[in-house]
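Tertiary structure, described
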Amino acid sequence: MKTRGDTSAEASGTTTAGKQRRRLAPEDREHEIVQSAIRFFAKHGFEASTRDLAKELGVSQPLLYRYFPTKEALVDRVYEDVFVRRWNPEWEEWLADRAHPLDQRLKRYLKDYAHFVLRGEWVRIFMYAGLSRAGVNQRYLSRLRERHFLLIAREMRFAYGIPDPANSEAEDEEVELIWAMHSSVFYIGVRKWVYDLAAPRNIDRLIDMRVDAFLQGTPAILLVDRAAAGPAPARPARRKPRGVDTPGR
């Protein structure tokens, strides 16, 4: 079956600037728009107009809106492509694998995560989103907290015999300590792509040192803090619904 390409003037070869442009299948044109939007928003921020984006693409706004009816729809697609599709589902598996010491798990995870976040487009889009697009950063950071930070906290308590937090405030404090260690990796990218400062040459070695510093300090602090606070109240056991298997993880 023959795939229909764009039927607009731009798709057939004529752009708003009068330049010749090759014909693309709809899915290829959409991919081109998204990739160009990622570069565009990373450079100009989310306050830049779709008119300017269309101009940079060499197409008209009507063609742009055929694929993404609103700017919000395009921003959501950029979020999906930059933050969700490149998320490695193996990270949670690595962190939860008790066949390996916790320090090895954290180092492996953070080194791979660094390759995910220490890219110019990722860092700049994340910073611009925090300044102007309410909801984008919150979605990503909530995902990071639920899937990674709470998992790291659980594994750290298990590895070092740390009592469970007595309440949500104690849990938030625990997460803050993990967040401080974790965000130090992201900050390397901020220094390079926002402040235009040189990044460390050996990031893997730096991550090794930061994980070691974290594990030599944080568990000891939490042990003292939990001992002073007294035992955590017992949590009621959850009843498993009939016919529902307990997950392996």
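Residues numbered from 1 in each chain as written. Predicted model: local features only at pLDDT ≥ 70, side-chain atom pairs only at ≥ 80, totals over all residues. Heavy atoms only, no water.

What about helix H5 (residues 71-84)?
Over its 14 residues, H5 runs 19 Å from end to end, which matches the ideal 20 Å to within 8%, given 1.5 Å per residue. In this structure, the buried residues of H5 make contact with helix H2 (26-44), helix H3 (50-57), helix H7 (102-117), helix H8 (120-132) and helix H9 (136-160). (Helix = DSSP H or I, 4+ residues; strand = E, 2+ residues; numbered from the N terminus. Expected span 1.5 Å × (residues − 1). Contact = heavy atoms within 4.5 Å.)

Some points on the environment of Asp 208
Checked against the element boundaries, Asp 208 lands in helix H11 (residues 203-229). Between the C-alpha atom of Asp 208 and that of Leu 106, which follows or precedes it by 102 residues, the distance is 8.8 Å.

Details of the pattern of salt bridges
Counted according to the given criterion, the structure contains 19 salt bridges. The partner of Arg 119 in a salt bridge is Glu 121, and the shortest N-O contact between them spans 3.1 Å. Arg 119 gets classed as partly exposed once you look at its relative accessible area, which sits at 23%. Measuring nitrogen to oxygen at the nearest pair gives 2.5 Å for the salt bridge that ties Arg 157 to Glu 174. (Salt bridge = Lys/Arg side-chain N within 4 Å of Asp/Glu carboxyl O. Buried < 20%, exposed > 50% of the residue type's maximum accessible area, 1.4 Å probe, protein only.)

Quick notes on the packing of aromatic side chains
Applying the stated criterion to the full structure yields 21 aromatic pairs. On the basis of an interplanar angle of 65° and a centroid distance of 5.3 Å, the ring pair of Trp 91 and Tyr 113 is categorised as edge-to-face. Separated by 22 residues along the polypeptide, Trp 91 in helix H6 (residues 90-96) and Tyr 113 in helix H7 bring together distant segments of the chain. Look at Tyr 109 and Tyr 113: their rings are 5.8 Å apart centre to centre, the planes differ by 40°, and that puts the pair in the tilted class. Within this pair, Tyr 109 and its partner Tyr 113 are both found in helix H7, separated by four residues, close to a single helical turn. For the pair shown, Tyr 109 and Tyr 113 are each scored as buried. Taken together through their ring pairs, the aromatic side chains of Tyr 79, Phe 83, Trp 87, Trp 91, Tyr 109, Tyr 113, Phe 116, Trp 122, Phe 126, Tyr 140 and Phe 186 make up a single cluster. The side chain of Arg 108 reaches across the aromatic face of Trp 94, ending 4.0 Å from its centre. (Phe/Tyr/Trp six-rings, centres within 6.5 Å; stacked < 30°, edge-to-face > 60°. Lys NZ or Arg CZ within 6 Å of the ring centre and 35° of its normal.)

Observations concerning unusual backbone geometry
Not every positive phi belongs to a glycine, and Asp 196 is a case in point at roughly 60°. Owing to a relative accessible area of 68%, Asp 196 belongs among the exposed residues under this scheme.

Structural notes on the packing of H7 against H9
Contact geometry for H7 and H9: axes closest at 11 Å, N-to-C directions at 165°. What the angle tells us is that H7 and H9 run roughly antiparallel. For the pair H7 and H9, the crossing hand works out as left-handed. Judged by residue contacts, Leu 102, Arg 105, Leu 106, Tyr 109, Tyr 113, Phe 116 and Val 117 of H7 engage Tyr 140, Leu 144, His 148, Ile 152, Glu 155, Met 156, Ala 159 and Tyr 160 from H9. The residue inventory of the contact of H7 with H9, partitioned by class, reads twelve nonpolar, one polar and two charged. (Axes fitted to C-alpha atoms, helices over the stretch in contact; angles between N-to-C directions. Parallel < 35°, antiparallel > 145°, perpendicular 65-115°, else oblique. Left-handed = near helix turned anticlockwise from the far one by under 90°. Nonpolar A, V, L, I, M, F, W, Y, C, P; charged D, E, K, R; others polar.)

Regarding the confidence of the model for the protein
Overall, the predicted model of the protein reaches an average pLDDT of 83, with 82% of residues at or above 70. When mean pLDDT is compared element by element in the protein, H6 scores highest at 97, while helix H1 (residues 9-12) scores lowest at 42. Confidence drops under pLDDT 50 across residues 1-20; counting only partners more than four residues distant or on other chains, this segment forms 44 contacts. (pLDDT = per-residue confidence, 0-100.)

Some remarks on a negative patch on the surface
Together, Glu 169, Glu 173, Glu 176 and Asp 225 give the surface a local cluster of negative charge. By residue number, the principal contributor to the negative patch is helix H10 (residues 168-193), which donates three residues. Its place among the elements puts Asp 225 in helix H11. (Patch = residues over 30% accessible without salt bridge, like charges linked within 9 Å, V, L, I, M, F, W, Y side chains within 5 Å. Areas by Shrake-Rupley, 256 points an atom, 1.4 Å probe, with all protein chains shown as cover. Lys, Arg positive; Asp, Glu negative; His and termini not counted. Charge placed at Lys NZ, Arg CZ, Asp CG, Glu CD.)

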